[in-house]
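Structural description and commentary
What follows is each chain in one-letter form.
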2 protein chains.
Amino acid sequence: MAEKMIYSFGEGKADGDGKMKDLLGGKGANLAEMVKIGVPVPPGFTITTKVCNYFSKNSGKLPADFDGEYQKAIAKLENSAGKKFGDTENPLLVSVRSGAKFSMPGMMDTILNLGLNDKTVAAISKKTGNRRFALDAHRRFIQMFSDVVLEVEKELFEEILATAKKKIKIKLDTELREEDLEKLIIKYKELVKTRSGKKFPEDPTKQLALARDAVFKSWNNPRAFTYRRLNKISDDLGTAVNIQAMVFGNMGDDSATGVGFTRNPSTGRREFYGEYLTNAQGEDVVAGIRTPKPIIELKKEMPAVFLELKSITDNLEKHYRDIQDFEFTIEQGELYMLQTRTGKRTAHAAVKIAVDMVKEKMISVEEAIMRVEPESLNQLLHPVINLSDTYEVSAKGLPASPGAAVGKVVFDSDDAVEMAGNGEKVILVRTETCPDDIHGMDSAEGILTARGGMTSHAAVVARGMGKCCVAGCEEIKVDERGGKLTIGNKIIKKNDWLTLNGSTGEVIIGKLPTVEPTLSGDFGKLMIWVNKIRRLGVRANADIPRDAKVAREFGAEGIGLCRTEHMFFDSDRLPEMQKMILADNAPDRVVALNKLLPFQKNDFIGLFKEMKGYSVTIRLLDPPLHEFLPKTKSEAQELSKKIGIDAKVIWQKTEELHEINPMLGHRGCRLGITYPEITEMQTRAIISAACELQKKNKIKVVPEIMVPLVGSVAELKNQRELIDRIAAEVMKTANEKIKYFVGTMIEVPRAAVTADEIAEVADFFSFGTNDLTQMTFGFSRDDAGKFIKIYLDQKIFASDPFQTLDVDGVGKLVHMGIEKGRSVKKDLKVGICGEHGGDPDSVKFCHRAGMNYVSCSPYRVPIACLAAAQAVIEEKSDSEYSMK
Amino acid sequence: MAEKMIYSFGEGKADGDGKMKDLLGGKGANLAEMVKIGVPVPPGFTITTKVCNYFSKNSGKLPADFDGEYQKAIAKLENSAGKKFGDTENPLLVSVRSGAKFSMPGMMDTILNLGLNDKTVAAISKKTGNRRFALDAHRRFIQMFSDVVLEVEKELFEEILATAKKKIKIKLDTELREEDLEKLIIKYKELVKTRSGKKFPEDPTKQLALARDAVFKSWNNPRAFTYRRLNKISDDLGTAVNIQAMVFGNMGDDSATGVGFTRNPSTGRREFYGEYLTNAQGEDVVAGIRTPKPIIELKKEMPAVFLELKSITDNLEKHYRDIQDFEFTIEQGELYMLQTRTGKRTAHAAVKIAVDMVKEKMISVEEAIMRVEPESLNQLLHPVINLSDTYEVSAKGLPASPGAAVGKVVFDSDDAVEMAGNGEKVILVRTETCPDDIHGMDSAEGILTARGGMTSHAAVVARGMGKCCVAGCEEIKVDERGGKLTIGNKIIKKNDWLTLNGSTGEVIIGKLPTVEPTLSGDFGKLMIWVNKIRRLGVRANADIPRDAKVAREFGAEGIGLCRTEHMFFDSDRLPEMQKMILADNAPDRVVALNKLLPFQKNDFIGLFKEMKGYSVTIRLLDPPLHEFLPKTKSEAQELSKKIGIDAKVIWQKTEELHEINPMLGHRGCRLGITYPEITEMQTRAIISAACELQKKNKIKVVPEIMVPLVGSVAELKNQRELIDRIAAEVMKTANEKIKYFVGTMIEVPRAAVTADEIAEVADFFSFGTNDLTQMTFGFSRDDAGKFIKIYLDQKIFASDPFQTLDVDGVGKLVHMGIEKGRSVKKDLKVGICGEHGGDPDSVKFCHRAGMNYVSCSPYRVPIACLAAAQAVIEEKSDSEYSMK
């Protein structure tokens, strides 16, 4: 290879730098960068990823001219370290680590203390005055090296160790004496000989060559391969190998080792945060045998080193412009930094750090926006269980809708409504929920179901309400009739307390304290920046005034989806709805619809009031009518008593309306076309509500009437003619003029394909990507859960298309729909409603696709806003700020 | 208007000609053409369609310069006819007829004898010496004119007539005496005055102007408007008005009137065919009071006229190069042709005439091919009821699958199999059929169901089998348990004879004789031409060897779809299939599948043998597994006894597999991915069958293994890897090499949208437009019937997308799929399977879209072939040969 294959670092000089991640991997580039900016780092060198690729392509051969450069690098390292491989007085020990461009589990990780053999052990014993330490290091080195390089399984060494400990009757490894260790080393080497057929390599340079090649090989091991496939990382990147001189924190009381953060990763506060152990190695901190001390004590113990560490890490933070998570070792009073990387943090800390760093002028507003993972805001927008509390998890279901909920168990929606009416907090527990449960769910603090997936009725509705929900908790048994819930061998009855953690799916018996979210402070500051930068509008899906209010508080700029059918499940309305459905003819339907009209009108007045001046998109009746009818004969009998219609007639209608594939059945605009009186009543309610508000309250109203499930322009034409006629009639009677719009959902593939024709008749498009995903894939959301899970496990799908919009398939139809629509109406307003509108990746797609707005559940509005702002920034500079 | 507005004809000269259909309408252009080629036609003139359009756009006004041209045309007509409007000696009477470019019901049709009033009646009386005739003509003229021009309803005249007849105690109109007619005329005129407020117009030129304008107005009457919308005829065409001198066939024994065809329209034989009445008017022939004489008698009665007529009509046929349907009148020895047009004919005649005319060198082969309506071949390919027999229809259902069937009634599939085994012909009668009935349907001559539409299970399967089926016959009641069928008040029991006409939906009690189809002769000749000209391949859908045999006889070039699931419903296989489904784990499934393997292998051996060398496309298991399990608890108990598995376990599995939207559920390749052992067994059966045949029988086998319901390339990759692995294994064991292909159905919208990715892994595509239509529209075929019917009634849809491929929507996805697929694999083989593959319009679309082949039910193969050939010809010359 003509190119440089090895990059050395040490003594304040480095061949590479932090930008060379492609060539040196993340770790190698970072080590070079640290050296370059004057941070004390043990010397070493990095073999490039290109060498790895050569190695992979040439069945384990290295480039012809590699060895020369390699020998020089070793010599340079020995020189910098002032130690020599295999030296009997001052032997060089090194660590060998893999390091690809992206942090990547699955590859060979770390070999420490490479260079040890019987001779160098003696030298180290002498030098440290601690023979036991040297022997123990040797034993561990053999085990680690044999496992990862020679493929002699770790377990076999553990067996030998266990046998030995049993024999000498000790429990802890630390109780092993020098003579025990000596014997163990002999046995270990015998094992290696037996299993691998070769002697354990004593020559440090041979050890090093073997370890180096093992790192290269590990790039193609099955685990690494699978990880890359899953994370869409190219197989061509290759890994670098980092070889670095060892330093020891266990060389006496002037030695130490520790880890730390430049700020508090939990709260985000600007404080030096970490812990250390004197006279110890890194492993000891992790092992937890000795309790580490808070880092602030280092100030007293080794004031100069502390100041140096503080100054170095401050500089690192400034240099990397983000909170740093670092590791250090102090060897006989000398400080070495072993690692620095961006620190992981809680959502709360992420927001605080981002906002603080802008104040400190360390980063720009745009960078601050990129620093917060949109999805993580979920943690900030709901009440949560106090994380400092410990609690016992009794069962675990799907984290269907985030937040915490504490309440008394009820098994019936009516009970939920009643108890909540008395000021009690309740948790609704059901095997599954159905549309009849809406009001029970609405009254409950949280919902727990035994069946159903992330997109089950309970999950979808709860997310829409911003209500905690744990769904599909298969460990529990719900006996609604018996009024009890069984978790393992515990029985929970009505009125017993239960706590749900909807963010994790945890179910906890009893009553835990929760913490309420705050939307002001740093969060508020961040959202101001976000809203200034984003171009995509963000609306909320809201069916009732209270949801609309929450939506406004979270910053929604209108309602993107009001599902009018939810308005019909109220106990005083459902019977009229049912009478309408049971009517034999249009006049009887009109009678029932006329009773529903005032309810609908009031609903819209409530919504319009909350959204003063913002657009409100109202979807006409969508679900198949059988959803409103009883499911069983006994329910039909109950209903019969209530509404005075023969149970036989009710049941006959139920059977008549039964559908084999209701998703693809008589619903959406197909209802409005076959029962025009329904569209008529809804239009009348919308326009008369708008007229009244405009006249009496002087509130501007912008109703957008949305016709669902249009697949052909003729359908929309039919409904539009009807809507326009009724609207004109209502406005004439009220002597008011309302600027209303009539548009359609694009949720049937045919609508996307013929969007140019449809745009001729539509004032706006709203992509219903839930249904569009169902029909584009041919997946029923109710049924596909089972095999989608298998698809995800088998990596046939990278993500669930109902959670993140499928850009390659559904996305193409979305693009086509927008393009065709705007080819006819240049300024056609285009949005998205449904679950994807609150998913950050999908929101970014919507931005790129040129939509005007997304609409999501009220509690996801800030998430969508943040994602929309990030989309703008990513667009500006695809690579610079990229989060990957 | 600067253009000529009126085209005169007569005395051997015509301003227009036969090509001017846009301007003169079909009738006007034909009259001009006849005059031009020397045919004696009563003189007249045609007012152009442009005048009509002017009239429509200017609220009933005529162009300023119209009247001059009009007066001239009338003068010319009077001159040609040698008669004058309103003349008291030789008055001109005319007919007024509408005539658009396309024959179009709904418009004003014909007014005869215009020009009659009290004065001209006297003149006609004198001239004909038949006062009664003149009076009767007058009475009828008033009634006809008033109805269509003055909008005085016909029924009111009929009432007056009925009252009069009652009073004078007669029954027939012909019994009315002159004095009765005189009184009636007075009463008629009084009625007109009362209802319209105006006197009946006596002035012939006023009558003519009113009639002319009424024709123009009728262009925009609702019936005409609807007809145009339904038939996609532009509203801008307008209609012409034809005004022509009357001639009379009732002026004595040297006068006559008749109709005829240049060939026999029923058999197609080349024979002069028709009938006439001496001393009669056209109406008398239609009224059926006098029995017309066969035209050959005219030869004796008026030999010269007969020869003239024969010669004229022969010339007309030669001129128009098609069988002519003509009308003529002989007025006092003078022959006048009143009309000639292309004759309607039976399918049988159409084929014979087309083939004969090629032999006679009258038309080209290509024209002959265009002369036969593909759909009409259906009549020729199935046994039919002898049309010359008369029979009583007891009930009528949907004509679900054509042909006639005669047999003894059975209500149970097992009975059907048993009786058919004993050589008896049976008709399977069920409320509905289900997949369990496949073998009963297979054994029956025909199927009758009380429920279900054109795409119900019975209909689809019967069409696939080419078996007669009357579906959804709601007039009948089927009592399967009671073993009886009720039609009206008649009860039919098991073993009673029943005849079905699947082409009309008729159900006939008893045993009617049927006629078998012949595929040789003229039909065979036509098909040779068709097959030479078409480019599109035509394959058949066939699941069993017998179907494959029929397919080959009909000319199929391979099997485009073999649905392997149908193979599992046989009584000796179903239990193994059920055991496989009920198995808890893969090893148990494998045990059951291994028992199915020899069955599947034998099925394929049978198919491959029939198709020697032709491709056989085999679709892997497609339907959801619950289709194979019992539907009710009692069925589960029965099954339990049969297969020895606990009924509870069976029912639990049934519930577990239950799906809310099975169409979008766990089926297609989703089965093969989650249960790889199924794909494995099927591959093993296919490849080992092919190996065996190739080795033992030296038969070339071309298996195309088709993976259903692929939506993402990863799915196909998964299945292809499995198939290739098993195939390699089987071939290695057999020491044979099979050239097999692995492809996929494109039936999920996402597959069409990502066809470029999928083509990387697929050897071929087959568009499954049944499912593609379902998902593109979001229509469940099982449920959408109800509202699609309403959509068709309301003209929201022009045709049922499940019958004729929706070119604008689904068609776009098909185009996209082909384009994207071939962008990656230039020569990608593309076909279509499913119902559309046998629909002529859809076949033509497939040709235009560049597919390689269509696949349809065996009995539709000739239809598809003919449509494919027509597509080639239409492509060559879009207008010249167009059938519209």
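Basis of the calculations
- Residues numbered from 1 in each chain as written.
- Chains lettered and ligands numbered in written order.
- Predicted model: local features only at pLDDT ≥ 70, side-chain atom pairs only at ≥ 80, totals over all residues.
- Heavy atoms only, no water.
- Helix = DSSP H or I, 4+ residues; strand = E, 2+ residues; numbered from the N terminus.
- Buried < 20%, exposed > 50% of the residue type's maximum accessible area, 1.4 Å probe, protein only.
- Contact = heavy atoms within 4.5 Å.
- Areas by Shrake-Rupley, 256 points an atom, 1.4 Å probe, with all protein chains shown as cover.
- Lys, Arg positive; Asp, Glu negative; His and termini not counted.
- Charge placed at Lys NZ, Arg CZ, Asp CG, Glu CD.
- Core = buried A, V, L, I, M, F, W, Y, C linked by side-chain atoms within 4.5 Å.
- Salt bridge = Lys/Arg side-chain N within 4 Å of Asp/Glu carboxyl O.
- Pairing = 2+ DSSP bridges.
- Axes fitted to C-alpha atoms, helices over the stretch in contact; angles between N-to-C directions.
- Phe/Tyr/Trp six-rings, centres within 6.5 Å; stacked < 30°, edge-to-face > 60°.
- Buried area = accessible area lost by both parts, 1.4 Å probe.
- Polar contact = N/O pair within 3.5 Å; in protein donor to acceptor, adjacent residues only side chain to side chain.
- Nonpolar A, V, L, I, M, F, W, Y, C, P; charged D, E, K, R; others polar.
- pLDDT = per-residue confidence, 0-100.
- Expected span 1.5 Å × (residues − 1).
- Parallel < 35°, antiparallel > 145°, perpendicular 65-115°, else oblique.

Within chain A one finds 34 helices and 32 strands. Across the 884 residues that make up chain A, the buried fraction comes to 57%. Counting contacts in chain A only where the partners sit at least 6 residues apart, residues at least 24 apart contribute 68% of the total. For chain A, the accessible area works out to roughly 37,300 Å², and carbon and sulfur atoms hold 50% of it. Charged side chains in chain A number 126 positive and 125 negative. The centres of these two groups are separated by 2 Å.

This part is about the nonpolar core. Core analysis: the largest hydrophobic core is formed by 287 residues, its most contacted members being Phe604 and Phe608 of chain A together with Phe604 and Phe608 of chain B. When sequence neighbours within four positions are dropped, the list of residues in contact with Phe608 of chain A reads Val616, Ile618, Ile686, Ala689, Ala690, Leu693, Ile699, Val701 and Pro703 of chain A. Counting residues in each nonpolar core, the second largest holds 62 residues, with Ala73, Ile124, Leu191 and Trp219 of chain B among its members.

Across all of its chains, the model carries 112 salt bridges over all chains by this definition. Across the pair Asp118 of chain B and Lys189 of chain B runs a salt bridge, and its minimum N-O distance is 3.1 Å. With Asp118 of chain B in helix H4 (residues 118-128) and Lys189 of chain B in helix H7 (residues 178-196), this pair connects stretches of sequence that are 71 residues apart. The class for Asp118 of chain B is partly exposed, based on a relative accessible area of 46%. Several salt bridges converge on common partners, so that one network encompasses Glu565, Arg619, Asp622, Arg667 and Asp771 of chain A.

Time to look at the sheet that holds strand S15 (residues 404-410) of chain A. Residues and elements named next belong to chain A. Taken in spatial order, the 8 strands make up an open sheet running S13-S23-S22-S15-S16-S17-S18-S14, and their pairing is mixed. Two strands in the sheet have a free side with no partner beyond their single neighbour: strand S13 (395-396) and strand S14 (398-401). The pairing of strand S22 (residues 497-501) with strand S23 (residues 506-509) spans 4 bridges and is classified as antiparallel. Across the sheet, Thr499 pairs through a bridge with Ile508, a residue of S23. Sitting on the sheet, helix H16 (residues 413-421) is in contact with S15 and strand S16 (426-430), with an inclination near 110° to S15.

Moving on, we come to the pairing of strand S6 (residues 239-245) of chain A. Regular strands have side chains that alternate between both faces of the sheet. All names here are of chain A. In terms of burial, S6 is a largely internal element, 7 of the 7 residues being buried. Burial of S6 is two-sided: the residues Thr239, Val241, Ile243 and Ala245 facing one way and the residues Ala240, Asn242 and Gln244 facing the other way are all buried. One ladder, built from 4 bridges, connects strand S3 (residues 44-47) with S6; its direction is antiparallel. In the strand pairing of S6, Ile47 is matched with Val241. The pairing of strand S4 (residues 94-100) with S6 spans 7 bridges and is classified as antiparallel. What sits directly across from Ala100, in S6, is Thr239.

In an α-helix, one turn spans 3.6 residues, which is why side chains three or four residues apart end up on the same side. All names here are of chain B. Most of helix H21 (residues 574-582) is tucked away: 8 of the 9 residues are buried. Within H21, the full set of buried residues consists of Leu574, Pro575, Glu576, Met577, Gln578, Met580, Ile581 and Leu582. Tucked inside the fold, the buried residues of H21 contact helix H22 (586-610), helix H23 (633-643), helix H24 (647-657) and helix H26 (676-697).

Residue and element names in this part refer to chain B. With respect to the secondary-structure elements, Lys198 resides in the loop between H7 and helix H8 (204-218). Residue classification places Lys198 among the exposed positions, given a relative accessible area of 60%. Beyond its immediate stretch of four places on either side in the chain, Lys198 contacts Val192 and Lys193.

Attention now goes to the environment of Leu693 of chain B. All names here are of chain B. Residue placement: Leu693 occurs in helix H26. Taking relative accessible area as the criterion, Leu693 reaches 2% and is therefore assigned buried. Leave out the neighbours within four places in its chain, and Leu693 touches Ile605, Phe608, Lys609, Lys698, Ile699 and Val701.

This part covers the sheet that holds strand S21 (residues 490-493) of chain A. Residue and element names in this part refer to chain A. Reading across the sheet, the 3 strands line up as S19-S20-S21 and stay open at both edges, with antiparallel pairing between neighbours. A strand with exactly one partner marks an edge of an open sheet, and here the two such strands are strand S19 (476-479) and S21. The mean inter-strand angle of the sheet, taken between neighbouring strand axes irrespective of direction, is 20°. When strand S20 (residues 484-487) meets S21, the two strands line up antiparallel, connected through 4 bridges. When the sheet's bridge partners are listed, Lys484 is paired in S21 with Lys493.

What follows deals with the packing of aromatic side chains. Residue and element names in this part refer to chain B. Inspection of every chain in the model, using the stated rule, returns 44 aromatic pairs over all chains. When the ring of Phe145 is compared with that of Phe200, the centres are 5.4 Å apart and the planes differ by 70°; the resulting orientation is edge-to-face. Separated by 55 residues along the polypeptide, Phe145 in helix H5 (residues 131-148) and Phe200 in the loop between H7 and H8 bring together distant segments of the chain. For the pair Phe777 and Phe779, a centre-to-centre distance of 5.0 Å together with 20° between the ring planes defines the contact as stacked.

If you look at the interface, chain B gives 45 residues, while chain A gives 45 residues. With both chains or domains summed, chain B and chain A bury close to 4,000 Å², and 59% of this area falls on carbon and sulfur atoms. On the chain B side of the interface with chain A, the three residues burying the most area are Asn661, Leu664 and Arg750 of chain B, jointly 16% of the side's total. There are 2 salt bridges connecting chain B and chain A. One salt bridge connects Arg750 of chain A with Asp806 of chain B, and the closest N-O pair in it is separated by 2.7 Å. The interface formed by chain B and chain A includes 24 residue pairs in polar contact (both at pLDDT 80 or more). When contributions to the side of chain B that touches chain A are tallied by element, the ones reaching two or more residues are helix H25 (669-674), helix H27 (713-734), helix H28 (749-753), helix H30 (769-777), helix H31 (785-793) and helix H32 (810-824) of chain B. Here the side of chain B that touches chain A is composed, by residue class, of 20 nonpolar, 12 polar and 13 charged.

Of the residues in chain A, 98% have a pLDDT of 70 or more, and the chain-wide mean is 91. Prediction confidence for the complex, expressed as pTM and ipTM, is 0.82 and 0.82 respectively.

All names here are of chain B. Here Gln281 shows up in the loop between strand S8 (273-278) and helix H10 (282-287). The exposure class assigned to Gln281 is buried, which follows from its relative accessible area of 12%. For Gln281 and Phe306, which are 25 residues apart along the polypeptide, the C-alpha to C-alpha distance reads 18 Å.

Here we take up unusual backbone geometry. The backbone of Lys698 of chain A shows a phi angle near 55°, a positive value even though the residue is not glycine. Residue placement: Lys698 of chain A occurs in the loop between helix H26 (676-697) and strand S28 (702-707).

With that settled, consider H26 of chain B. Taking 1.5 Å per residue, 22 residues should reach 32 Å; H26 of chain B reaches 31 Å between its end C-alpha atoms and fits that length. The first or second residue beyond H26 of chain B is Lys698 of chain B, which carries a positive phi of 55°.

Moving on to the packing of helix H20 (residues 545-553) of chain A against helix H22 (residues 586-610) of chain A. Residues and elements named next belong to chain A. At a closest axis distance of 8 Å, the pairing of H20 and H22 adopts a crossing angle of 10°. As judged from the angle between their axes, H20 and H22 are roughly parallel. In this structure, H20 uses Pro545, Ala548, Lys549 and Arg552 to contact H22, whose residues at the interface are Asp603, Gly606, Leu607 and Glu610. The class makeup of the residues in the contact of H20 with H22 is 3 nonpolar, 1 polar and 4 charged.

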